[in-house]
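An overview of the molecular structure
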Amino acid sequence: MKGLTISVNKNSTSKVRKAPPKVTIENSSENLTSQAGLIPVVHFLDKLDFMGLTRQTLSEQRASNATYEFSDAIYLAVVAILGGATSVLMIPVVWFDKVLRQLAGFERIPDQSIFNRIFHCFHFSMVSCLEELNHRMRARAWKKAFPTEKSCPGDSSDMWIDADSTVKTVFGTQEGAEKGYNPHKRGALSYHPLLAFCAQTKEILQGWFRSGSAYTSNGTVEFLKQLFAHMPTKLRLVFRADSGFFDGAILDFVESRGNGFLIKVKLKNLEDLLSSKDWKPVSRQDGWESCEFFFACRNWKKARRFVAVRQEKKEEKHAVQPKLPEMKAYDYFCYVVSETISPWETHKKYGERATCETWIEEGKNQMGLAHIKTSEFWANSALFQCAVLAYNTICWMRLCSGNEILKRWEVKTIRTFLIRVAGKLVKGSRQQTLKTPATHLFAAQWTAWVRLGIP
């Protein structure tokens with residue numbers, strides 16, 4: 001192919017820059033890739049037998065004359081989302097990379113219309129199977145990351161689970177998109193997924209795709225039944241959530257399984273109730289006071305332990321101070337908790353939950369969680385589960401890497417420095433070699449990333 005020659009003005013140089021040389025660009029090279037870092041991902045998933053597990057878990061299979069199986073579509077979607085796909089159209093675009101297709105073993109891939117047709121076949125029971133697939137993959141990843149008899153993260157037998165919901169605004173006409181709580185765009189149609197994170201590993205233990213009109217805690221008991229059933233029995237789970245989950249039925253269920261909880265309290269006239277309690281100063285925390293008591297809300301079967309802390313509000317400065325009786329005003333923080341920890345420790349422990357909101361934003365903005373949509377609800381729910389699996393694949397690879405810096409990296413950092421890496425596939429002596437740059441900005445992390453899939 002004829003080359004394109006680029007020349008520059010030699011008078012445009014400075015003291016620290018010489019004139020760049022003349023360069024010719026030719027569109028003639030083959031076996032090049034811009035995402036060499038996806039190859040270790042492909043091999044990592046194969047080591048966990050992702051495709052085989054998907055076939056075993058899905059309740060239905062496509063007709064025998066179908067070219068592509070459901071497992072093919074799920075696999076292609078997960079890897080494409082890891083590569084940056086944010087729509088159904090972008091899935092085949094990511095896989096347009098010839099080197100990626102070849103080293104992943106795909107002779108061809110479906111186009112956008114076939115992807116749409118495959119995902120439109122999904123229904124409730126198949127989406128439930130994808131939720132189960134996430135749990136089964138997690139069990140295998142934990143066994144690889146924590147090769148002990150315990151095969152669980154952390155040294156303690158307690159695992160903290162952070163639950164939260166998130167709003168994803170929808171533009172257009174999508175099935176199941178309804179008006180509901182939407183602080184970012186009031187009155188707009190949206191979806192309202194429910195998520196549960198493992199505080200120790202940052203992964204999404206379970207996610208449900210819901211319509212926008214669903215209240216925060218809707219279906220939480222059933223959600224927890226499914227979650228607890230798939231967690232290792234040796235673990236005691238501590239459910240931590242905001243006031244949207246302050247519900248007696250949730251607490252009853254968590255207690256019935258021998259697990260714990262820490263939930264922020266939402267009550268009418270809460271300040272009136274707290275102001276009547278006996279408050280004591282918090283040790284070594286100037287301006288803070290705490291109290292604890294047992295209380296049974298309406299329709300509760302029993303009283304539970306409540307703890308609270310408060311801090312005096314700072315007075316607003318006025319040009320003329322009104323002559324009124326001095327009355328102190330406070331900011332209150334109240335929780336219902338099963339753990340035997342002090343009110344101040346409870347307050348600090350609940351504060352750790354703030355990272356859960358960071359992980360949700362990371363999943364939404366960097367991994368397309370609830371972003372890839374079609375016109376049908378169950379297709380969107382299946383794509384949501386693919387995004388959950390993609391997000392967790394990053395988490396599992398970080399855990400298995402053994403590299404402490406890599407364990408702290410966000411998705412966008414991993415995608416920038418470890419996935420979008422230039423490479424050239426070289427064949428010879430019945431062997432294939434993927435050549436990448438001799439130097440990497442984060443060489444230790446790149447080495448750890450490659451070894452996850454390729455020894």
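Now for a quick tour of the structure. (Residues numbered from 1 in each chain as written. Predicted model: local features only at pLDDT ≥ 70, side-chain atom pairs only at ≥ 80, totals over all residues. Heavy atoms only, no water.)

**Quick look at the nonpolar core**
Soluble globular proteins tend to pack their nonpolar side chains together in the buried interior. As a reminder, the rule being used: What we call a nonpolar core is a set of buried Ala, Val, Leu, Ile, Met, Phe, Trp, Tyr and Cys residues that are connected through their side-chain atoms within 4.5 Å. Burial classification: accessible surface area is computed with a 1.4 Å probe over protein chains only, and a residue below 20% of its type maximum counts as buried, one above 50% as exposed, and the rest as partly exposed. Numbered from the N terminus, helices here are DSSP runs of H or I no shorter than four residues, and strands are runs of E no shorter than two. In this analysis, two residues are considered to be in contact whenever any of their non-hydrogen atoms come within 4.5 Å of each other.
Core analysis: the biggest nonpolar cluster contains 129 residues, and Trp 95, Phe 119 and Trp 449 have the highest contact counts within it. Sorting elements by how many residues they give to this core places helix H13 (residues 377-401) first, with 17 residues. Ignoring any residue separated from it by four or fewer positions in sequence, one finds Phe 119 in contact with Ala 73, Ile 74, Ala 77, Ala 379, Ala 382, Leu 383 and Cys 386. If you look at the next biggest cluster of nonpolar residues, it comprises seven residues, including Leu 262, Val 307, Val 337 and Tyr 350.

**A closer look at helix H12 (residues 354-367)**
Our working rule: Expected span of a helix, by definition, is 1.5 Å for each gap between consecutive residues, and there is one gap fewer than residues.
End to end, H12 covers 20 Å across 14 residues, agreeing with the expected 20 Å (1.5 Å per residue, within 8%). Listing the buried residues of H12 in full gives Cys 356, Trp 359, Ile 360, Glu 362, Gly 363, Lys 364, Gln 366 and Met 367. The elements touched by buried residues of H12 are helix H3 (70-82), strand E4 (158-165), strand E5 (168-169), strand E8 (194-198), H13 and helix H15 (411-419). Note on H12: the residue one or two positions beyond its end, Gly 368, has a positive phi of about 65°.

**Examining the pairing of E8**
Which entries qualify depends on this criterion: At least two DSSP bridges between two strands are required for those strands to pair.
Within E8, five of the five residues are buried, leaving the element largely enclosed by the surrounding structure. With burial as the criterion, each face of E8 is covered, one bearing Leu 194, Ala 196 and Cys 198 and the other bearing Leu 195 and Phe 197. As judged from the five bridges shared by E4 and E8, these two strands associate in the antiparallel manner. The residue of E8 that forms the bridge with Ile 161 is Cys 198. Two elements, E8 and strand E9 (residues 204-208), share four bridges in a ladder whose sense is antiparallel. Each bridged residue has a counterpart across the sheet, and for Ala 196 the counterpart in E9 is Gln 206.

**Here's the deal with the layout of surface pockets**
Basically, it comes down to this: Detection works on a 1 Å grid of protein atoms alone, calling trapped sets that fit a 1.4 Å probe cavities and calling open sets with protein on both sides within 12 Å along at least five of seven lines pockets, with lining residues defined by an atom within 4 Å of a point. Grid points are joined across faces, edges and corners, and a volume is the space filled by probe spheres set on the points. For this classification, the nonpolar set comprises Ala, Val, Leu, Ile, Met, Phe, Trp, Tyr, Cys and Pro, the charged set comprises Asp, Glu, Lys and Arg, and every other residue, Gly included, is treated as polar.
Of the pockets and cavities examined, the second largest pocket occupies roughly 360 Å³. The wall of the second largest pocket is formed by 14 residues, among which Phe 246, Leu 267, Cys 297, Arg 298 and Trp 300 lie closest to the centre. A breakdown of the residues in the lining of the second largest pocket according to their chemical character gives seven nonpolar, three polar and four charged.

**Things to note about the environment of Cys 152**
Note that Cys 152 resides in the loop between helix H7 (124-145) and E4. Along the sequence, Cys 152 and Ala 329 sit 177 residues apart, while their C-alpha atoms lie 46 Å from each other. Other than its neighbours up to four places away in sequence, Cys 152 contacts Trp 142, Phe 146, Pro 232, Lys 234 and Leu 235.

**Here we look at the sheet that holds strand E17 (residues 431-435)**
Here three strands make up an open sheet; going across it, the order is E3-E16-E17 and the pairing antiparallel. Every interior strand has two partners, whereas the edge strands, strand E3 (32-33) and E17, have only one. The pairing of strand E16 (residues 423-428) with E17 spans five bridges and is classified as antiparallel. From the neighbouring strand, Lys 424 faces E17, where its bridge partner is Lys 435.

**Comments concerning a nonpolar patch on the surface**
Spelled out, the test is: Each patch is assembled from residues with relative accessible area greater than 30% and no salt bridge, linking like charges that lie within 9 Å and nonpolar side chains (Val, Leu, Ile, Met, Phe, Trp, Tyr) that lie within 5 Å. Accessible surface area values rest on a Shrake-Rupley calculation with a 1.4 Å probe, where residue burial reflects the displayed protein chains alone. Note on definitions: salt bridges are taken to be side-chain nitrogens of Lys or Arg within 4 Å of carboxyl oxygens of Asp or Glu.
A cluster of nonpolar side chains, contributed by Leu 89, Met 90 and Val 93, occupies part of the molecular surface with about 240 Å² of accessible area. Positionally, Leu 89 belongs in the loop between H3 and helix H4 (90-94).

**Re helix H1 (residues 38-47)**
For an α-helix, 3.6 residues make a turn, and residues three or four places apart therefore share a direction. Counting buried residues along H1, seven of its ten residues qualify, which places the element largely inside the surrounding structure. All of the buried residues along H1 are Leu 38, Ile 39, Pro 40, Val 41, Val 42, Phe 44 and Leu 45. Two residues or fewer past H1, Asp 49 is found with a positive phi of approximately 55°.

**Quick look at unusual backbone geometry**
Of note, the phi angle at Lys 202 is positive, near 75°, even though the residue is not glycine. Within the fold, Lys 202 resides in the loop between E8 and E9. Residues other than glycine seldom take positive phi values, yet Arg 284 does so here, at roughly 60°. For Arg 284, the position within the fold is in the loop between strand E12 (280-281) and strand E13 (288-295).

**Quick look at the pattern of salt bridges**
Considering all chains together, one arrives at 17 salt bridges under this definition. Residue Lys 225 pairs with Glu 222 through a salt bridge whose shortest N-O separation is 3.3 Å. Taken together, the residues Lys 225 and Glu 222, both in helix H8 (residues 220-230) and three residues apart, mark about one turn of the helix. For Lys 225, a relative accessible area of 35% corresponds to the partly exposed category. Within the structure, one salt-bridge network assembled from shared partners comprises Asp 162, Arg 240, Lys 349 and Glu 352.

**A look at the pairing of E4**
The element E4 is extensively covered by neighbouring structure, given that seven of its eight residues are classed as buried. In the sheet, E4 pairs with strand E10 (residues 236-241) via five bridges, with the strands oriented parallel. What sits directly across from Ile 161, in E10, is Phe 239.

**Let's talk about the environment of His 184**
Among the structural elements, His 184 can be located in the loop between strand E6 (178-179) and strand E7 (189-191). Taking C-alpha positions, His 184 is 41 Å from Arg 108, a pair spaced 76 residues apart along the chain.

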